[in-house]
Amino acid sequence: MNAAAKLTSLPLFPLNTVVFPGGRMPLRIFEQRYIDMVKQAIADDSPFGICAIREGQETGTPAVPYSIGTRVRITDWDMPETGILHIDTQADTRFVIRHTQVEPSGLLIGTIDEVSAEPASAIPHELELAVEILRHIISEYGHAHFPAPHAIDDAVWVSYRLSEVLPLKLSVKQNLLEMNDSVTRMRILTEFLKRQIN
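Reading the values: rules and limits
- Residues numbered from 1 in each chain as written.
- Predicted model: local features only at pLDDT ≥ 70, side-chain atom pairs only at ≥ 80, totals over all residues.
- Heavy atoms only, no water.
- Helix = DSSP H or I, 4+ residues; strand = E, 2+ residues; numbered from the N terminus.
- Buried < 20%, exposed > 50% of the residue type's maximum accessible area, 1.4 Å probe, protein only.
- Expected span 1.5 Å × (residues − 1).
- Contact = heavy atoms within 4.5 Å.
- Polar contact = N/O pair within 3.5 Å; in protein donor to acceptor, adjacent residues only side chain to side chain.

Draft legend 1. Main features of the environment of proline 167. In this structure, proline 167 sits in the loop between helix 4 (155-165) and helix 5 (170-178). The exposure class of proline 167 is exposed, given its relative accessible area of 66%. Along the backbone, proline 167 and leucine 108 are 59 residues apart, and their C-alpha atoms lie at a distance of 28 Å.

This is how it looks when you write it as structure tokens:
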């Protein structure tokens, strides 16, 4: 199968945040284009894509997203008041945007190619500091923020979860998302943690 045959269409939600595979992201939806998108996703049990904003704002004119984002599915939703939707999402795979078009509603639709999931990888002994800090964060914030199963011995899972919670710049988080080497991602995060401790 050639690459073009694998391309699929995905509604995109550009945000000032990066979502990592396996993570959870609660969202508050109030713009009509995204309310319609979410209602469709709930009705069809279909995914949409979250990508960090490279240029522009979350509201108003469609923002320009980074080319790599993460596909998410809605796991729960509520409408506490008319015109505002609260949803919980679970992230699965990364994707590359090959082309975008803007619908009349202002919704961005991406023609995307999925990025293969990183294979599980052992954590080198010298990077155990990152594991210990993540263990502490999980015990502090509870399992609701870190749904089971916990793959605390997998460099992919540990590096994704740390990338989510550490106070890193958006551009740094985006670089971490785009990496396909979980051990390198762990090394970068460990260096960041050491600087915070010292």
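Draft legend 2. Focus on helix 6 (residues 182-197). Here helix 6 spans 22 Å end to end across 16 residues, near enough to the 22 Å set by a 1.5 Å rise per residue. When we look at burial in helix 6, the residues that qualify are Ser182, Val183, Arg185, Met186, Leu189, Thr190, Phe192 and Leu193. Among the structural elements, helix 3 (128-141), helix 4 and helix 5 are those in contact with the buried residues of helix 6. Two to three positions downstream of the cap, the backbone nitrogen of valine 183 sits 3.1 Å from a side-chain oxygen, assigning the N-cap of helix 6 to aspartate 181.

Draft legend 3. Summary view of helix 4. Burial analysis of helix 4 places 9 of its 11 residues in the buried class, the great majority of the element. All of the buried residues in helix 4 are Ala155, Val156, Trp157, Val158, Ser159, Tyr160, Arg161, Leu162 and Ser163. The secondary structure elements touched by the buried residues of helix 4 are strand 6 (84-102), helix 3, helix 5 and helix 6. At the N-terminal end of helix 4, a side-chain oxygen is found 3.0 Å from the backbone nitrogen of valine 156, two or three residues along, and the residue is aspartate 154.

So far we have only geometry, and geometry alone does not tell us how the molecule works.
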